[in-house]
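Overview (structure and organization)
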Amino acid sequence: MTLPRPFDPAQALALAARTFEIEARALLGLAARQGEGFANAVKAMLDCRGRVVVMGMGKSGHVGRKIAATLASTGTPSFFVHPAEASHGDLGMVTTGDVVLAISNSGESDELAAILPAIRRIGVVLVAMTGNADSTLASHADIVISSAVEQEACPLNLAPTASTTAQMALGDALAVALLDARGFREDDFARSHPGGSLGRKLLMHVQDLMRSGDAVPRVAPAADFHQLLREMTGKGLGFTAIVDADDRALGIFTDGDLRRLIERGADLRSLIARDVMHPGPKLVRADALAVEAADVMEQHRITSVLVVDAAGKLVGALNSNDLLRAKVI
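Cut-offs and rules
- Every residue gets a number counted from 1 within its own chain, in the order that chain's sequence is written.
- It should be noted that, the model being predicted, local features are given only for residues of pLDDT at least 70 and side-chain atom pairs only at 80 or more, the latter also being counted only at that level, while totals for whole chains, interfaces and linings use all residues.
- Just so you know, side-chain values use all the structure's heavy atoms and leave hydrogens and water out.
- Secondary structure counts use DSSP, requiring at least four H or I residues in a row for a helix and at least two E residues in a row for a strand, with both numbered from the N terminus.
- Based on C-alpha atoms, the radius of gyration is set beside the globule rule, defined as 2.2 Å times the residue count to the power 0.38.
- For every residue, the accessible area obtained with a 1.4 Å probe (protein chains only) is divided by the maximum for its type, and the residue is called buried under 20%, exposed over 50%, and partly exposed between those limits.
- Whether two residues are in contact is decided by their heavy atoms, any of which lying within 4.5 Å being enough.
- A 1.4 Å probe and the Shrake-Rupley method give the accessible areas. Residues count as covered only by the protein chains that appear here.
- Salt bridge criterion: a side-chain nitrogen from Lys or Arg within 4 Å of a carboxyl oxygen from Asp or Glu.
- Multiplying 1.5 Å by the helix residue count minus one yields the expected span of that helix.
- Here the axes come from fitting lines to C-alpha atoms, over the contacting stretch only for helices, and the angles between their N-to-C directions go from 0 to 180 degrees.
- Throughout this description, any angle smaller than 35 degrees is read as roughly parallel, any larger than 145 degrees as roughly antiparallel, any in the 65 to 115 degree range as roughly perpendicular, and the remainder as oblique.
- Crossing handedness: left-handed means the near helix sits turned counterclockwise from the far one by under a right angle, and right-handed means the same turn made clockwise.
- Following the grouping adopted for this structure description, the nonpolar residues are Ala, Val, Leu, Ile, Met, Phe, Trp, Tyr, Cys and Pro, the charged ones are Asp, Glu, Lys and Arg, and the polar ones are all others, Gly among them.
- If DSSP finds at least two bridges between two strands, the strands pair.

Right, let's get into the overall build of the protein. Each helix and strand counted, the protein has 15 helices and 13 strands in total. The globule rule puts the C-alpha radius of gyration for 329 residues at 20 Å, and the 31 Å found for the protein is more than 25% above it. With respect to the three principal axes, the spread of C-alpha positions in the protein is 95 × 55 × 35 Å. Residue burial in the protein is summarised as follows: out of 329 residues, 41% are buried. Relative to all contacts within the protein whose residues are 6 or more apart in sequence, the contacts with residues 24 or more apart total 64%. Within the structure as shown, the protein displays about 17,300 Å² of accessible surface, and the carbon and sulfur contribution to it stands at 54%.

Listed below in structure tokens is the structure:
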């Protein structure tokens, strides 16, 4: 083994720039190589009544796992099967009606070649993603997608670099074309990412987070100030709703309103709820998205909203702390 040379920062940066240039050129060259094969692969996956089973060895296998995950998260059911494990039982995961996406730059991977006859006997559509149109893999495939690149970014032209970048980009291109063809929308994406930020924003509703029942502070318009204050402080939300006999919200009184009354020197004992409430409080529907409630709070610079049902009756309350805890904001 050759002894390492002293580290040269300028050389490292030059190689980085060269790598970016080679891989960018490889990606740009992909577009010119795509045609009927790519379109047919998208159509086969779109029509698939089973799963898209992705296979690949070595670096192509690592890329394949990512492609399977991207497909699955964008509306195309997919999973990865290791070709070597497929020879020892995992091929049973592949069934009639599936589409197999086999990835190999050379198209001559021994592990893939060994299971190609068995894959053909299952009766699936076999899509080959390869840089060698004359390879064993390509000859067995129903559809071939070219991932060919002119050169690897590796100075020795050996380590998979530009070729794996090309495979990754082709996988992304397949996923994008498929999600567009399926009419896949933001809410579909959220359903497969319930733990993510977008999932929380698009799936969480006000009724999932709101305080309800006895936890919602409320008084009648004729309630005296002592009742008003006890309800507001006892429920710990910093406000109370003023409701009529049918539980419809007439107004709201907040701790900020209380401070302003004290600053003015008002005689609190003589006041009733109707005298001090803000009429026309900001309301949100229980079935609204939580992010819509957040928008109302931000727009009006408030920290709480009252929640009503379809008939306009008070059913809950929501404040900014509730939204923060749920990571909606």
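Following the structure, the description resumes.
Turning our attention to unusual backbone geometry. Backbone geometry follows two general trends: most residues other than glycine have a negative phi, and most peptide bonds adopt the trans configuration. For Asp247, which is not a glycine, the phi torsion comes out positive at approximately 65°. Structurally, the position occupied by Asp247 is in the loop between β8 (239–243) and β9 (249–254). A relative accessible area of 26% means that Asp247 is categorised as partly exposed. Although it is not a glycine, Arg301 adopts a positive phi angle of roughly 55°. Relative to the helices and strands, Arg301 is located in the loop between α14 (290–300) and β12 (304–308).

What follows covers the pattern of salt bridges. Taken as a whole and judged by the stated rule, the model has 11 salt bridges. For the salt bridge of Glu21 with Arg25, the shortest nitrogen-to-oxygen distance reads 3.4 Å. With Glu21 and Arg25 both in helix α1 (residues 9–33) and four residues apart, this pair spans about one turn of that helix. Its relative accessible area of 36% is what places Arg25 among the partly exposed residues. Across the pair Glu231 and Lys235 runs a salt bridge, and its minimum N-O distance is 2.7 Å. With Glu231 and Lys235 both in helix α11 (residues 225–235) and four residues apart, the pair spans about one turn of that helix. What you see here is one network of salt bridges that share partners, running through Arg211, Asp322 and Arg325.

Mapped onto the secondary structure, Ala32 falls in helix α1. Taking the C-alpha atoms as reference points, Ala32 and Asn157, 125 residues apart in sequence, are found 22 Å from one another.

Two residues of an α-helix separated by three or four positions point the same way, owing to the 3.6 residues in each turn. For helix α3 (residues 58–73), built from 16 residues, the straight-helix expectation of 22 Å at 1.5 Å per residue is met to within 8% by its first-to-last C-alpha distance of 23 Å. Downstream of α3 by one or two residues, Gly75 has phi in the positive range, about 100°.

This part is about the packing of helix α2 (residues 36–47) against helix α7 (residues 162–182). Put simply, α2 and α7 touch, their axes get as near as 10 Å, and they point 55° apart. It follows that α2 is oblique to α7 by the angle criterion. Both α2 and α7 take part in a crossing whose hand is right-handed. Mapping the contact onto sequence places Phe38, Ala41, Val42, Met45 and Leu46 in α2 and Leu170, Ala173, Leu174, Ala177, Leu178, Ala181 and Arg182 in α7. Among the residues making up the contact of α2 with α7, the classes are represented as 11 nonpolar, no polar and one charged.

Before going further, it helps to spend a moment on the sheet that holds strand β4 (residues 125–130). Here five strands make up an open sheet; going across it, the order is β2-β1-β3-β4-β5 and the pairing parallel. Because the sheet does not close on itself, it has two edges, and the strands there are β2 (78–80) and β5 (143–146). Each strand axis lies, on average, 20° off the axis of its neighbour in the sheet, ignoring direction. Against the sheet, helix α5 (residues 110–122) makes contact with β1 (52–56), β3 (99–104) and β4, and its axis sits at roughly 165° relative to β3, the strand it touches most.

Moving on, we come to the pairing of β1. Consecutive side chains of a regular strand alternate in pointing toward one face of the sheet and then the other. Counting buried residues in β1 gives five out of five residues, a clear majority hidden from the surface. On β1, burial covers both faces: Val52, Val54 and Gly56 on one face and Val53 and Met55 on the other are all buried. Where β1 and β2 come together, three bridges link them in parallel fashion. Bridging from a neighbouring strand, Val54 pairs with Phe80 of β2. Relative to β3, β1 runs parallel, the two being bridged by five bridges. Following the sheet pairing, Met55 is matched in β3 by Ala102.

A separate point is the environment of Ala245. Along the chain, the position of Ala245 falls in the loop between β8 and β9. Considering only alpha carbons, one finds Ala245 and Thr76, 169 residues apart in sequence, at a separation of 53 Å.

Purely geometric stuff here, so don't read any function into it on its own.
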